[in-house]
Amino acid sequence: MSSVASVRVVRLWQYRSRDGGIKGRLTIPDLISEDLYLAIDNHLPHVARDETLRRALVYLGLVARPDDRSGYLPFHQEAVAHIRQAPSLASRGEAKVYQLADRLQDTLREGTDAAPPFEIVDHGKGRNCTQIRNLSLPAPVERAFEAEHGQVFIEGDAANLQTWTLDRSGHRRERRQNARQKADRTARLRDVPDRVQNLQRRLNQLPKQRFTRLVKRAKSELAGLARQRKSSTDGHGIPYQSQLRTIADRPKPLYKFTSRTLRLTPAGPSLASLPTEMRRAVFDDYLEVDMSSAQLSLAASSWGDLENLRDFLSSPADTAGLDARQSQGPKQPQSVNADWKSIDRDWWHELTGWLSRELPAHRYNPEQDFEQVKSVLKGFTYGLFFGMKKQNLRTLGTPYADSTDRAEYLESARMMVRLFLGNRSEPKEAVSKIGDALFRHPLVGQLLRKREEILSRIDTQGGIEDCFGRCIETSDERDAKSVLAEHMQNAELRVMLPVGEAVLEDDELRFGLWQHDGVTIKPRRHKPKKYRNTYEKACEALQKGCSALSTQLGVAPIETDLTVDYGSEFLE
């Protein structure tokens, strides 16, 4: 398959306007490759015989944009109306979304005793919208969809991508403009300070050519990484191929404000929401830096009475020494009054070291398992600051949250149980023993007690004032935990603001991505001294933000700095 434009294709369907012209706004492709068509025909004959079901399957496999966090595929009335070749059904609310989802599910199971090939998840918007979870197809069909995704992503240029999606160039431009306007509107829907709005505006005005060149250069590597991730997760998790197709069409990231906080987050599938290894493939000559222990540092200063945590954060780290001690094998549990201050000063190694002493930890090897364990402990730590219920913290999260992939959560829980308890017990029950061990850590215990004090104060006062002078109030729809989460996220934004501003205002620097508590940046000239100057300038800007916030709040200095996630070789 040399290119999408030159292969022999099968006209699986087409929809024309009343005047006979091809409709330019269709979201469903008119043409698919012969390999994909034959894979559906050979392995899913019951679906292949029904044109509407064929269209529905290709929509889910190629077009539907998965949710950034959960990976759910949207199945809504607009899409179903086009699948049924009657777009006006959407405006009348008569697309019968659930009926088609049920029929596709039953047809895919026809003639077999297999489990349902996907789950139909109810959506808060009612009967005109649902979500498809855990779509599972025969292996040859899965491979054909992957090949289609990868080939269009790698080989598709602007011209043949427009042909493949039945999109005229004017409509692509209009779609991009609409996405930009929609992202910008989020500032007007909330009480966003002018300084923060200006940061959003500057980020959304970055030159699109910069990102187009970067994505084009990294296409083959990105497609390979997407295949690797799917293979390593047995098909579970977020299908990055679909996201990459959207990114290829609109490479420049756009940023919007979330519905309840001032956090700037990616608007739709974006380079900023890809995993680290994929971002590094694109920004291979950039530095990605982020705040060290961001929420810990902010809480240590702004929550008050946490001198032990400030001492911990201000002490030098010794992760190598801790790894060596852990590699010697499991140790006997120690009491709560153990000399925890003598342990390494990095929070993630601190927690894994504590678990290694409190629990048997028969299988935990820091050299092999640390990164996997760290991702789980990140969820625990952020949940602590962002208001997660204590019973969910005890189980290191919950599989029932809308934003959680249940299969991924259960796999992480099994991994933690296997490494730290040495058995294969039911993860939902056994993982609480790990949570209880974390609760016994002196610093975690202090943070939990202080959090409860703050939540009680928010409930009593009906809200709290954030670092921008805005009052965040509780309501029937919003409890104290949600208010505390916004308060902490706004404080994080406040200290990072000078970093974004300093980079955007310097013509000698290039801005890549905004990452909540970090940035992706590089100098205009690729010289080691220039990279060091870039890093030092970002660090100075962060310290200005920390100093300004601690002075404004009248609290102890905020102890944090910028660490390099990737690109450290350019500093040598």
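Presented here is an overview of the structure given in this document.

What counts, and where the lines are drawn
Residues numbered from 1 in each chain as written. Predicted model: local features only at pLDDT ≥ 70, side-chain atom pairs only at ≥ 80, totals over all residues. Heavy atoms only, no water. Helix = DSSP H or I, 4+ residues; strand = E, 2+ residues; numbered from the N terminus. Buried < 20%, exposed > 50% of the residue type's maximum accessible area, 1.4 Å probe, protein only. Contact = heavy atoms within 4.5 Å. Areas by Shrake-Rupley, 256 points an atom, 1.4 Å probe, with all protein chains shown as cover. Salt bridge = Lys/Arg side-chain N within 4 Å of Asp/Glu carboxyl O. Bend = angle between axes of the 7 residues up to and from the residue. Polar contact = N/O pair within 3.5 Å; in protein donor to acceptor, adjacent residues only side chain to side chain. Arc of directions from axis to C-beta. Phe/Tyr/Trp six-rings, centres within 6.5 Å; stacked < 30°, edge-to-face > 60°. Pairing = 2+ DSSP bridges.

Focus: the overall build of the protein chain
What the protein chain contains, in helices and strands, is 24 helices and 13 strands. Taken over 572 residues, the protein chain has a buried fraction of 52%. Long-range pairs, those at least 24 residues apart, make up 66% of the contacts in the protein chain with a sequence separation of at least 6. As displayed, the protein chain offers around 26800 Å² of accessible surface, 44% of which is attributable to carbon and sulfur atoms.

Brief notes about unusual backbone geometry
Here Ser 293, not a glycine, exhibits a phi torsion of approximately 50°, which is positive. One non-glycine residue, Leu 396, adopts positive backbone phi at about 60°. By secondary structure assignment, the location of Leu 396 is in the loop between helix 19 (390-394) and helix 20 (406-421). Classification of Leu 396 by relative accessible area gives buried; the value is 10%.

Re the pattern of salt bridges
A full pass over the atoms with the stated rule returns 23 salt bridges. Measuring nitrogen to oxygen at the nearest pair gives 2.5 Å for the salt bridge that ties Arg 133 to Glu 119. You can see Arg 133 sitting in strand 5 (residues 129-133) and its partner Glu 119 sitting in strand 4 (residues 119-122), a full 14 residues away along the chain. Judged by its relative accessible area of 34%, Glu 119 falls in the partly exposed class. The closest approach of N and O atoms between Asp 436 and Arg 394, which form a salt bridge, is 2.5 Å. Of this pair, Asp 436 sits in helix 21 (residues 427-439) while Arg 394 is found in helix 19, placing the two residues 42 residues apart along the sequence. Taking relative accessible area as the criterion, Asp 436 reaches 28% and is therefore assigned partly exposed. Each of the salt bridges in this network shares a partner with another, and the network as a whole consists of Asp 191, Asp 466, Arg 470, Arg 478 and Glu 486.

Some points on helix 18 (residues 366-385)
The largest bend in helix 18 comes to about 30°, at Gln 372. Of all the positions in helix 18, only Pro 366, Asp 369, Phe 370, Val 373, Val 376, Leu 377, Phe 380, Thr 381, Gly 383, Leu 384 and Phe 385 are classed as buried. N-capping of helix 18 is provided by Asn 365, with a side-chain oxygen placed 3.0 Å from the backbone N of Glu 367. Backbone geometry just after helix 18 places Gly 387 at a positive phi near 90°.

A look at helix 1 (residues 34-43)
Inspection of helix 1 places Leu 36, Ala 39 and Ile 40 among the buried residues, and these make up the whole buried set. Buried residues of helix 1, seen end-on, are gathered within an arc of 95° and therefore sit on one face of the element. Opposite the buried face of helix 1, at more than 90 degrees from it, the exposed residues are Asp 35 and Asn 42.

Topic: the packing of aromatic side chains
Throughout the structure, instances matching the rule amount to nine aromatic pairs. Note on Tyr 59 and Phe 75: the rings are 6.1 Å apart at their centroids and 50° apart in plane angle, and the pair reads as tilted. Of this pair, Tyr 59 sits in helix 3 (residues 51-63) while Phe 75 is found in strand 3 (residues 73-76), placing the two residues 16 residues apart along the sequence. Tyr 59 sits in the buried class, given a relative accessible area of 4%.

Remarks on the pairing of strand 11 (residues 509-514)
Most of strand 11 is tucked away: five of the six residues are buried. As paired elements, strand 11 and strand 12 (residues 518-523) share five bridges and run antiparallel to each other. Paired with Phe 511 across the two strands is Ile 521, which belongs to strand 12.

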